[in-house]
Each structure stands twice: as C-alpha cells, then as structure tokens.
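Structure assessment
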Amino acid sequence: MPDSSKNMGNVHSGVGDLQGVTSERNGLPGLRGTDHIGFTVPDLQEATDFFVDVIGCEAFYDLGPFQAKDDWMQTHLNVHKETIMRKLRFFRCAHGSNFEVFEYEAPDQRREQPRNSDVGGHHLAFYVDDMDAAVSYLRAKGVQILGEPTVRAAGPSGGQSWVYFLTPWGMQLELVSYPQGKAYGRDTERRLWHPRFPEK
C-alpha cells in the first residue's frame, strides 16, 4: 500500500466533522472495548510456535475438541454441520486484544488465505517502539517482510511508519510505529487507542 498522504487532504480536514460520532449517542449498552480477535489457522502448534517464540505472545489455555451430531455447529458458528473444532487456544500479546486461535476440520473448508483486496481480507498490526530494530529482528528469524517500511509524511497518519510481513502459513501481519504520535491528533482532543498508553 503506497503512501497516499498527498491524496488524503479531505480525510485530514474531515477529522473535526467526526467529533459528534461517538458511542455516547448509540451503540451496545455497557460496551467496554474489544475482548478478543478470533482467527483460524491450518496448524495450531505451528501458530503457537510463531506467536510465542517469534512475536512474543503468551499462550494461556486450550479448549476442544468439539463436534456435534445435530446442526449445533451450523446454527451457532455458521459452519458446516459436520465441522470439527479440533482445538482453540487463547493468547495475550502485551497491551492489546487477546487472540482466540482455532484449528478446524470441515468438509467444505477453504485453505487459502484471503488477500487484503478480498472480502474478509484482514491483518493484525503490532505496535513497536523501534521499527528498524523490529524489522531486523524478524529478518534474522527468517520471516518474510513485504518490501521496506513506508513512512507517512502527511495526512492524518503523518508520523507513522508501517510494513507488512507474513506468518509461515501466509497470514498477513503488520508492524506499525509512531513514537511522536499521528498528525490527526493536532485537530482533535479525541484519540485512537494506543498500546503504549493502554489506560487512555
């Protein structure tokens, strides 16, 4: 994704227009935040080795296996009724949402990873204090980095650097860093959640 900060003037100037769009007016009663992000991997042990030994997450507990003889799986999980959830594992990665990582077996399972341009495309982004040090570390671990870090010089994300990288099974992840903050903060008192300041 190229640096498109030159074309983001309208977005930048529109930050103030969003001042009234808050959860105080509507939304889930009692909403506190994101508890976890769930995703499915082809091999849970491979994923555990990567997230614990390379990224530095902490594994907590497992559940499973689970399957049902009726249509419970289809009704409650929106999967094929004969699906088997082999195992799931919870992880914590420093200051951020927990991960709930699944390994499934299903008659109609698709094994390919979605691209960013696909519906359902996604990535997980990890904040780091030193982009160069983090990239060098991942390269030393044999992780595939997608190009060089991009630095945003203008627009609401001005001050941020980012780069994508891949897990061994092809899932897309990202490193981000903005130790001096992002430019949007000059136009509003509101702040996006930041893992460096989890209490804010």
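Residues numbered from 1 in each chain as written. Predicted model: local features only at pLDDT ≥ 70, side-chain atom pairs only at ≥ 80, totals over all residues. Heavy atoms only, no water.

As a further point, take the side chain of T188. Locating T188 in the fold gives a position in the segment after β8 (172-177). Of note is the side chain of T188, whose polar atom sits 3.1 Å from the backbone nitrogen of R190. (Helix = DSSP H or I, 4+ residues; strand = E, 2+ residues; numbered from the N terminus. Polar contact = N/O pair within 3.5 Å; in protein donor to acceptor, adjacent residues only side chain to side chain.)

Time to look at the pattern of salt bridges. On inspection of all chains with the given rule, the structure shows six salt bridges. Residue E105 pairs with R86 through a salt bridge whose shortest N-O separation is 2.4 Å. Here E105, found in strand β4 (residues 98-105), pairs with R86, found in strand β3 (residues 84-92); they are 19 residues apart in sequence, far enough to count as distant. Residue E105 is classed as partly exposed on the basis of its relative accessible area, which comes to 40%. Classification of R86 by relative accessible area gives partly exposed; the value is 35%. (Salt bridge = Lys/Arg side-chain N within 4 Å of Asp/Glu carboxyl O. Buried < 20%, exposed > 50% of the residue type's maximum accessible area, 1.4 Å probe, protein only.)

The next point concerns the packing of aromatic side chains. Within the structure shown, the criterion is met by 13 aromatic pairs. Their ring planes at 55 degrees and their centres at 5.9 Å tell us that F39 and F51 sit as a pair that is tilted. Of this pair, F39 sits in strand β1 (residues 36-40) while F51 sits in helix α2 (residues 44-55), and the two are 12 residues apart along the sequence. Cluster of aromatic residues (ring-pair linked, three or more members): F39, F50, F51, F91, F99, F126 and W169. (Phe/Tyr/Trp six-rings, centres within 6.5 Å; stacked < 30°, edge-to-face > 60°.)

So, about the state of the cysteines. Counted by the stated rule, this structure contains one disulfide. What pairs with C57 in a disulfide is C93, and their sulfur atoms sit 1.9 Å apart. A torsion of 100 degrees about the S-S bond marks the disulfide between C57 and C93 as right-handed. In this pair, C57 sits in the loop between α2 and β2 (58-63) while C93 sits in the loop between β3 and β4, placing the two residues 36 residues apart along the sequence. An identical accessibility class is assigned to C57 and C93; each is buried. (Disulfide = S-S within 2.5 Å.)

Here the focus is the sheet that holds strand β5 (residues 124-127). The strand order across the open sheet built from four strands is β5-β8-β7-β6, with neighbouring strands paired in mixed fashion. Both outer strands of the open sheet, β5 and β6 (144-151), are each paired with one neighbouring strand and no more. Across the sheet, the mean angle separating the axes of adjacent strands is 20 degrees when strand polarity is ignored. Contacts from α2 reach β5, β7 (161-166) and β8, with the element oriented near 140 degrees to β7. (Pairing = 2+ DSSP bridges. Axes fitted to C-alpha atoms, helices over the stretch in contact; angles between N-to-C directions. Contact = heavy atoms within 4.5 Å.)

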